[in-house]
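# Descriptive structure summary
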Amino acid sequence: IDYIRKHDCIPMSTPFDEKSVEWCVEMDLPIIKIASSDINDWFLLRKIAETKKPVIISTGGANDKQIDDVIRFFINRNIPIAVNHCVSKYPSEDNELELNQIDYLKEKYPNLVVGLSTHEYHDWHSSMYISYAKGARTWERHIDIPYPDGHEQKEVSSYCSLPHQVDEWFKAFNRAAIMCGDTHGTRRVIDEKESKYVQAPHRGLYLKRDIKAGEKISVNNLYSAIPWQEEIGQMSSRDFIEDDSVAKDNIKKDSPLLRESIL
């Protein structure tokens, strides 16, 4: 725990009995994780609630009522709670991940942080990309290191991530965050680079025939073509032209229609 804090990370633990909850308090862990198997273990949950610490709970194998009950239990006690979608299959195949459940949980509990507890083993990128894009904001994986020769367990369980795979996982998180951006609930800001790009194919308005000063200019007198000469004040095909617009000066055929040329 000291090592975790030294490296500016947040320690937490998953207690499976009441004594372990006391250890979480003794070691001043700021968050308690609740395993899917204990989602309705009320003896354990009451002990955890007494600590008043925020909790993260996995929902593997639980039905709607069980999830509703545990969320209501902590909310009624003013204890912050985050809920992780989870499939309790070790390991999970890609077709068992049910990542659309993130949408379901976010819609059902719009005021809660929703995350993903995952046990797939085919890659360490795809579920991160998808879950982040769906709005997950907490993640959990099982982590292990290779066992030395002579150890009773010969191989790391397939649902566990080795250090280099965890590195890939974090890089996928950072990439997903960059790709999704920072804008929520409002239209994004369109920067100068993009504005110039979308303006490049804009078409300017040109005269089909000679127009005399005082003559009305209708859309039937105009055609649009590239280039749009914005720098000289030319009107574009995106400008609205009133049929009763009047020319201030004589304008020759194929000349650009300028804003200053219209009354």
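These remarks concern the structure in this document. (Residues numbered from 1 in each chain as written. Predicted model: local features only at pLDDT ≥ 70, side-chain atom pairs only at ≥ 80, totals over all residues. Heavy atoms only, no water.)

## As for the overall build of the protein chain
Condition: The numbering of helices and of strands both runs from the N terminus, where a helix is a DSSP run of H or I of at least 4 residues and a strand a run of E of at least 2. Radius of gyration here is computed from C-alpha atoms only, and the compact-globule reference equals 2.2 Å multiplied by the residue count raised to the power 0.38. We call a residue buried when its accessible area falls under 20% of the maximum for its residue type, exposed when it is over 50%, and partly exposed in between, using a 1.4 Å probe and counting protein chains only. The method behind every accessible area is Shrake-Rupley, applied with a 1.4 Å probe, and residues are considered shielded solely by the protein chains displayed. Only four residue types enter the tally: Lys and Arg on the positive side, Asp and Glu on the negative side; His and the chain ends are excluded. A charged residue contributes its charge at one atom only: NZ of Lys, CZ of Arg, CG of Asp or CD of Glu.
A tally of regular secondary structure across the protein chain gives eight helices and 12 strands. Taking 18 Å as the expected radius of gyration for a compact globule of 263 residues, we find that the protein chain reaches 31 Å, considerably beyond that expectation. Here the C-alpha coordinates of the protein chain stretch approximately 95 × 50 × 40 Å along the principal axes. Considering the protein chain as a whole, with its 263 residues, one finds that 36% of them fall into the buried category. Entry remark: accessible area of the protein chain is about 16400 Å², with carbon and sulfur atoms responsible for 52%. Between the averaged position of the 34 positive side-chain charges in the protein chain and that of its 43 negative side-chain charges there is a distance of 6 Å.

## Notes on the side chain of His85
For clarity, the threshold we go by: Residues are treated as being in contact if the distance between any of their heavy atoms lies within 4.5 Å.
When you line up the elements, His85 lands in strand β4 (residues 81-86). Excluding residues within four positions of it along the chain, His85 makes contact with Thr59, Leu97, Glu98, Leu99, Gln101, Ile102, Leu105, Gly115, Leu116 and Ser117.

## Section: helix α4 (residues 64-75)
The following threshold applies: Take the residue count of a helix, subtract one, and multiply by 1.5 Å to get its expected span. Starting at the helix axis, one direction is taken to each C-beta atom, and the arc is that of these directions. Contacts described as polar in this section are N or O atom pairs within 3.5 Å, which, within protein, must combine one atom able to donate a hydrogen with one able to accept it, while residues neighboring in sequence count only if both atoms come from side chains.
For α4, built from 12 residues, the straight-helix expectation of 16 Å at 1.5 Å per residue is met to within 8% by its first-to-last C-alpha distance of 16 Å. Listed as buried for α4 are Ile67, Val70, Ile71, Phe73 and Phe74. Angular distribution of buried residues about the axis of α4 spans 155°; they occupy a single face of the element. Packing partners of the buried residues in α4 comprise β2 (31-34), α3 (42-51), β3 (55-58) and β4. The backbone nitrogen of Lys65 has a side-chain oxygen 3.2 Å away, supplied by the residue at the start of α4, namely Asn63.

## A few points about the pattern of salt bridges
Convention followed: A carboxyl oxygen of Asp or Glu within 4 Å of a side-chain nitrogen of Lys or Arg is what we treat as a salt bridge.
Taken as a whole, this structure holds 16 salt bridges when the rule is applied. The residue Glu22 makes a salt bridge to Lys47 at a minimum N-O spacing of 3.2 Å. Of this pair, Glu22 sits in helix α2 (residues 18-26) while Lys47 sits in helix α3, placing them 25 residues apart in sequence. For Lys65, the salt bridge identified is with Asp69, shortest N-O distance 2.7 Å. You can see Lys65 and its partner Asp69 sitting in helix α4, four residues apart, about one turn around the helix. Counted as one network, the salt bridges with shared partners bring together Lys19, Glu22 and Lys47.

## Section: the pairing of strand β5 (residues 113-117)
Looking along a regular strand, one sees side chains alternate from face to face of the sheet. For clarity, the cut-off: Strand pairing is defined by DSSP finding a minimum of two bridges between the two strands.
A large share of β5 lies buried, amounting to four of its five residues. For β4 and β5, the ladder comprises five bridges, and the chain directions are parallel. In the sheet register, Cys86 faces β5, and the bridge partner there is Ser117. Two elements, β5 and strand β6 (residues 139-140), share two bridges in a ladder whose sense is parallel.

## Regarding the packing of helix α6 (residues 126-134) against helix α7 (residues 163-180)
Packed helices, taken two at a time, are described by the angle between their axes plus the distance between the axes. What counts is decided by this rule: Working convention: axes come from line fits to C-alpha atoms, limited for helices to the stretch in contact. Angles between N-to-C directions cover 0 to 180 degrees. Angular relationships are summarised with four words: roughly parallel below 35 degrees, roughly antiparallel beyond 145, roughly perpendicular across 65 to 115, and oblique for the angles in between. Throughout, a crossing is termed right-handed when the near helix is turned clockwise from the far one, and left-handed when it is turned anticlockwise from it by less than a right angle. Gly is placed with the polar residues, together with every amino acid not listed as nonpolar (Ala, Val, Leu, Ile, Met, Phe, Trp, Tyr, Cys and Pro) or charged (Asp, Glu, Lys and Arg).
Axis separation between α6 and α7 bottoms out at 9 Å; the angle between their running directions is 40°. Between α6 and α7, the angle is such that the two are oblique. In the packing of α6 onto α7, the handedness of the crossing is right-handed. Listed contacts from α7 to Met128, Tyr129, Tyr132 and Ala133 of α6 are Trp169, Ala172, Phe173, Arg175, Ala176, Ala177 and Cys180. Among the residues making up the contact of α6 with α7, the classes are represented as 10 nonpolar, no polar and one charged.

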